[in-house]
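Observations on the model geometry
Residue-level listing of the chains:
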Amino acid sequence: MKSILKGLGLKLIVFGCALMIVWPGTVLAQDPITIIDQSANSDFREHITFTLAAESTSEIVEATLFYQVVGQIATTKNEAEFAPGNAVTAEFEIDQTEATNYLPPGTSLNYWWNIVDAAGNELKTERELLLYLDDRYDWNTLENDRLTLYWYEGNDSFGRELFERANLALDTLETDVGIALENPIRIFIYANHRDLLGAISTGAQEWTGGQAFTRFGVVVIGVGPNQLDWGLNATTHEMTHLVIHQATENPFGDLPRWLDEGIAVYNENRDELDSDFKAIFDRAVERDELMTLRTLSSPFPSDPYQANLAYGQSGAVVKFIIDTYGTDAMAELLDIFSEGALYDEALEQALGVDTNGLDNAFRTSLGLPPLAGAEVSAPDEAEAAPETEPAAEVPEIEVEEEAEPAASAAEENAVVAEQPAQESSEESSTTNGLSGESSAEAEPSGSPLGVGCLGGLAPLFGLGLALSRVRRKE
Ligand SMILES: [Zn+2]
């Protein structure tokens, strides 16, 4: 339970006195409306409650609570319930047991009240800040001005390694990719799968390894104390998506999937592809079986092998861009996308090549022949991708799967693959504009649902399955 108490009434009175001292000739009437007290408190997944006590010289007839998620533009206006009178106590509650009202842990809310009395006097309170935390756990924290890491199991070095790796990832994003964090990030490390599912929205799937709530600046991941290696990569990967989306979000378009995922993969290890991806990528190069960049601009394949190739190849392309064209070009590319741009136009402007041109330069660097003519000249469907790509709506999900049974893996993927269809692209494009991962946030009601993202290998908590990693971002 978190409680914030403010003596606003006292501040207002003091301010009024100061005015009288400075301008003694001015006759000031006392403010007709006075705030006696205000507070906000919450129980995670239960409620967030705002309370205001106020008095006025005439009957108070309206008390309206406004709140806004920090970093978002939309403001929510809510009429509070109270019995009108000269002294009132008004209350407004956000019911957190309602799925459509879901707010992730670490949501930071600005809120303020507007009071009106029968004589037409009106008072707007100062903005206050509420940090909505999961109060069911005793969190340890490490923080600086860029991010705060929360964890409750695992020792100090467990937390410190995750914290330092996350900071390193932010450094790399600045130095290699040219994007800086816009708003501070909060990362919550839940110690097991059950706890994780208890913290994210009710729509979360059993196999979800975590979620990136891009519009809230929050990453929620399940990492047990014995899963540190996985946790370091997964945290880096998800946090990278979050920063990319902060930097490029706009109402007009999305990033090509290969760029979004490629930066996240690159950021896990800037020197070389993670071993899970490397073998598959190398084999595809050897056999000249790489996917085309145009194909990788859309949602990734559901086939586990192809999905891993898609992630690995995307990471390799991003590394190729940074090594060949430079950080400035990458930064410019993201800057162009932040204004909303078609894929080919953005690439041409920043790198001097379109999608196929980049693809061929990449292939040449690997000793592969250029794309076949048909592929090069079939840009129609790819060009439409920025507008129609349903991927923008769907959470990226981390799927774990058992290494051996291809059949069961396919089933899990089938589940994941269905995800996109369930999300309406219209909903997410209106509310959210772009970020592929925050699409789930775009509920019809405008409710701030989070997005499932998790590219990373997710070990299944409780089942002890470690394995080949399949990254899914539908
Ligand atoms: Zn991802």
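Check the entry above for the structure.
In this report, the structure presented in the accompanying data block is examined. (Residues numbered from 1 in each chain as written. Predicted model: local features only at pLDDT ≥ 70, side-chain atom pairs only at ≥ 80, totals over all residues.)

Things to note about the sheet that holds strand β10 (residues 147–151)
To keep it simple, the criterion reads: Pairing between strands is defined by DSSP: at least two bridges between the two strands are required. Numbered from the N terminus, helices here are DSSP runs of H or I no shorter than four residues, and strands are runs of E no shorter than two. Angles here are taken between N-to-C directions and fall from 0 to 180 degrees, while the axes themselves are lines fitted to C-alpha atoms, restricted in helices to the stretch in contact.
Taken in spatial order, the 5 strands of this open sheet run β9-β10-β11-β13-β12, and their pairing is mixed. What marks the edges here is a single partner per strand, and that holds for β9 (140–143) and β12 (210–213). Ignoring which end each strand starts from, the neighbouring axes of this sheet average 10° apart. As defined by bridge partners, β12 adjoins strand β13 (residues 218–222) across 4 bridges and the pair is classed as antiparallel. By the bridge assignment, A212 is partnered in β13 with V219.

As for the pairing of strand β3 (residues 47–69)
Where strand β2 (residues 33–43) and β3 come together, 10 bridges link them in antiparallel fashion. Opposite D43, over in β3, you have H47 as the bridge partner. Bridge count for β3 against strand β5 (residues 85–95) is 10 bridges, and the pairing is antiparallel. When the bridges of β5 are listed, A54 appears paired with V88. Relative to strand β6 (residues 107–117), β3 is paired through 9 bridges, and the arrangement is antiparallel. Pairing of Y67 across the sheet is with Y111, part of β6.

A short note on the packing of helix α9 (residues 327–338) against helix α10 (residues 343–351)
Just so we agree on the cut-off: Left-handed describes a crossing whose near helix is turned anticlockwise from the far helix through less than a right angle; right-handed describes the clockwise counterpart. Two residues form a contact once the distance between their C-beta atoms, set from the backbone, is within 7 Å. Under the scheme applied here, ten amino acids are nonpolar (Ala, Val, Leu, Ile, Met, Phe, Trp, Tyr, Cys and Pro), four are charged (Asp, Glu, Lys and Arg), and all others, including Gly, are polar.
Where α9 meets α10, the axes come as close as 9 Å, and the angle between the chain directions of the two elements is 145°. You can see that α9 and α10 cross each other, and the crossing is right-handed. Across from A329, E332, L333, I336 and F337 in α9, the residues of α10 making contact are A346, L347, Q349, A350 and L351. Taken together, the residues that form the contact of α9 with α10 break down as 8 nonpolar, 1 polar and 1 charged.

Some points on the pairing of β6
Examined bridge by bridge, β6 and strand β8 (residues 128–132) share 5 bridges and lie antiparallel to one another. Paired with L109 across the two strands is L130, which belongs to β8. Across 3 bridges, β6 lies against strand β7 (residues 122–124) in antiparallel orientation. Opposite N114, over in β7, you have K124 as the bridge partner.

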